[in-house]
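Here's the letter readout for the chains.
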Amino acid sequence: MKIEEEIKSTVKLSIAKKVILNLTFTKNFIGDKFNEILKPFEISGEQYNVLRILRGQKGKPINMQDIQDRMVTKNSNTTRLIDKLLLKEMVIRNTCPENRRKIEIIITQTGLDVLSELDPLIDAHENSLLNKLSDIELENLNNLLEKIREN
């Protein structure tokens, strides 16, 4: 469906405005379904992102700043996210033995188990959204989105 129909616009939109609205609308469309998948696990998208970052460490600790640097949503409050994951026993927080001012985070087996359950659900979600596009279209879309973010 065209973006003008989705938002029931009664005015002519410039192509630039259509693109921005389409990106925003599509981001929300994808995010709403993603959040539905996460809801039964009682974690947010940002908490999921933290868990995936920690899993990628393969058991090695990572400090809060490095987690923040890798976050998809850059304005996330990493300390608050870690605190919530601690309460759910999905992560462990330790003081770095070499630098007592540095806090290191490790994913627990509980966190890994939640990700194992979520992996096929997230994969199915992503595939259902993107199976309408060919590999060439996906590559082009990816390149265009990266081009928008270039400085």
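Residues numbered from 1 in each chain as written. Predicted model: local features only at pLDDT ≥ 70, side-chain atom pairs only at ≥ 80, totals over all residues. Heavy atoms only, no water.

**Let's talk about the confidence of the model for the protein**
Here the protein averages 90 in pLDDT, while 100% of its residues score no lower than 70. The spread of mean pLDDT over the elements of the protein runs between helix α1 (residues 3-6), the lowest at 73, and helix α6 (residues 109-130), the highest at 96. (pLDDT = per-residue confidence, 0-100. Helix = DSSP H or I, 4+ residues; strand = E, 2+ residues; numbered from the N terminus.)

**Structural notes on the sheet that holds strand β2 (residues 91-95)**
Backbone-to-backbone hydrogen bonds join strands into a sheet, with any given pair of strands oriented parallel or antiparallel. Within the open sheet, the 3 strands sit side by side as β1-β3-β2. Their pairing is antiparallel. Edge positions in the sheet fall to β1 (62-63) and β2, since each of these pairs with one other strand and no more. As defined by bridge partners, β2 adjoins strand β3 (residues 103-107) across 5 bridges and the pair is classed as antiparallel. Residue Val91 lies in a different strand from β3, and its bridge partner there is Ile107. (Pairing = 2+ DSSP bridges.)

**Brief notes about helix α5 (residues 78-87)**
Residues of α5 that are buried: Thr78, Leu81, Ile82 and Leu85. Looking straight down α5, one finds its buried side chains confined to an arc of 95°; they lie on one side. Its side-chain oxygen 3.3 Å from the backbone nitrogen of Thr79, Asn77 forms the N-cap of α5. Just beyond α5, the residue with positive phi is Glu89, at close to 60°. (Buried < 20%, exposed > 50% of the residue type's maximum accessible area, 1.4 Å probe, protein only. Arc of directions from axis to C-beta. Polar contact = N/O pair within 3.5 Å; in protein donor to acceptor, adjacent residues only side chain to side chain.)

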